[in-house]
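The lines below spell out each chain.
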Amino acid sequence: MIQQRTIKNLTRAVGVGLHSGQRVEMTLRPAQPDTGIVFRRVDLPQPVDIAVGAQAVSDTRMASTISEGDAKVHTVEHLMSACCGLGIDNLYIDITAEEVPILDGSAASFVFLLQSAGVVMQASPRRFLRVLKPVEVRQGTGEQTKWARLEPFHGFALQFDIEFKHPAVDSTGQSVLFDMSTGSYTRDIARARTFGFTKDVEMMRANGLALGGGLDNAIVMDDYKVLNAGGLRYDDEFVKHKILDAMGDLYLLGTPLLAKYSAFRSGHALNNLLLRELLREPQAFELVTFENDKQAPKGFGQLLPAW
Ligand SMILES: [Zn+2]
């Protein structure tokens, strides 16, 4: 059967929150089958567990935030993207502040941490949520239009289109299709960094956001160009980061999706709305397990892909 996965050893990272600027320690620990991915706020007088799930998402402004009661964890999407890319089902994430460290602004550091800890199989079948009917959410009209869609697909593929009117983005690809069956998440997607514009940074800081952001954890652009000395990691790094984010946002479902996702200018809010819309329609999905590699979609087999 296709089995669930966790990590072999615990591993730690220290960094700052992108928005809070707060120093945070994070410990990733192995978890039993069927635990799911659980964030634990160990800094609170009484530690609080926050299990991922579409309904646990409580705020989607600038980043995806999950909550349990008053306890929150902000900016979970890059770590969730790494878990999706490596197929991690069960994991405890102990955290000492209310935001996941931004590290280098991509998912690459989380991939490195998880791989260093060792990915291991567990003696329980991995459950997938297979989309049976197209589900779509839309917002805005005219130039403000954005949408996101899930449709049936034997595997997991994402098509993302952006439309940033900015010289540095215009000159790069604004459309990417990524298919998990390629096994190239780590190489082709995970290293794409978050991005921002200097003109927005002052306004964000005035609102207590982006306090930990800078050239070492984001692509920063003025009105004309990328300011990072090293330039871009991929020619189409911007739209690849949108794919990275979407993978993280969708993995907050708590179950790996078998679907084709496509989106136009979508973000954290619409991605979460899409999951809620899907769950509202019981005929639109089913839970499945696979007896062997032959049945499973390519990229989801028992053999770990060669990262
Ligand atoms: Zn992001």
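One structure accompanies this document, and this report is about it. Since this is a predicted model, take the numbers as computed values, not measurements.

**Brief notes about the sheet that holds strand β6 (residues 57-59)**
Turning to step 1, where the next piece is worked out: The antiparallel open sheet is built from three strands, whose spatial order is β6-β7-β8. In the strand order of this sheet, the two ends are held by β6 and β8 (71-73), each with one partner. With strand direction ignored, the average angle separating the axes of adjacent strands in the sheet is 45 degrees.
Turning to step 2, where the next piece is worked out: Bridge count between strand β7 (residues 65-68) and β8: three bridges; the pairing is antiparallel. Residue pairing across strands places Ile 66 opposite Val 73, the latter belonging to β8.

**A word on helix α2 (residues 108-117)**
Turning to step 1, where the next piece is worked out: Within the sequence span of α2, burial applies to Phe 110, Val 111, Leu 113, Leu 114 and Ala 117. Angular distribution of buried residues about the axis of α2 spans 165 degrees; they occupy a single face of the element.
Turning to step 2, where the next piece is worked out: At the exit of α2 stands Gly 118, carrying a positive phi of roughly 90 degrees.

**Describing the coordination of the zinc ion**
Turning to step 1, where the next piece is worked out: In the first shell of the zinc ion, the protein supplies His 78 (NE2), His 241 (NE2), Asp 245 (OD) and Asp 245 (OD), at 2.1 to 2.7 Å from the metal.
Turning to step 2, where the next piece is worked out: Counting residues between consecutive donors of the zinc ion along the chain gives the motif H-x162-H-x3-D. Residue His 241 and its partner Asp 245 are located together in helix α6 (residues 237-251), separated by four residues, close to a single helical turn. Of the two residues, His 241 and Asp 245, both sit in the buried class.

**Quick notes on the nonpolar core**
Turning to step 1, where the next piece is worked out: Membership of the largest hydrophobic core comes to 83 residues, with the highest contact counts inside it found for Phe 39, Ile 66, Tyr 185, Met 247, Leu 257 and Tyr 261.
Turning to step 2, where the next piece is worked out: At eight residues, α6 tops the list of elements feeding residues into this core.
Turning to step 3, where the next piece is worked out: Sequence-distant contacts of Met 247, that is, excluding residues within four places in its chain, are made with Ser 81, Cys 84, Gly 85, Phe 156, Leu 158, Phe 178, Met 180, Tyr 185 and Ile 189.

**Let's talk about the packing of helix α1 (residues 77-86) against α6**
Turning to step 1, where the next piece is worked out: Two elements in contact, α1 and α6, have axes whose closest approach is 7 Å; the angle formed by their N-to-C orientations is 80 degrees. Between α1 and α6, the angle is such that the two are roughly perpendicular. Residue-level contacts link Glu 77, His 78, Met 80, Ser 81, Cys 83, Cys 84 and Gly 85 of α1 to His 241, Leu 244, Asp 245, Met 247, Gly 248, Asp 249 and Tyr 251 of α6.
Turning to step 2, where the next piece is worked out: Along the lines of polarity and charge, the residues of the contact of α1 with α6 split into six nonpolar, five polar and three charged.

Each value, and the rule that gives it
- Residues numbered from 1 in each chain as written.
- Predicted model: local features only at pLDDT ≥ 70, side-chain atom pairs only at ≥ 80, totals over all residues.
- Heavy atoms only, no water.
- Pairing = 2+ DSSP bridges.
- Helix = DSSP H or I, 4+ residues; strand = E, 2+ residues; numbered from the N terminus.
- Axes fitted to C-alpha atoms, helices over the stretch in contact; angles between N-to-C directions.
- Buried < 20%, exposed > 50% of the residue type's maximum accessible area, 1.4 Å probe, protein only.
- Arc of directions from axis to C-beta.
- Donors = N, O, S within 2.8 Å, 3.2 Å for Na, K, Ca; no water.
- Core = buried A, V, L, I, M, F, W, Y, C linked by side-chain atoms within 4.5 Å.
- Contact = heavy atoms within 4.5 Å.
- Parallel < 35°, antiparallel > 145°, perpendicular 65-115°, else oblique.
- Nonpolar A, V, L, I, M, F, W, Y, C, P; charged D, E, K, R; others polar.

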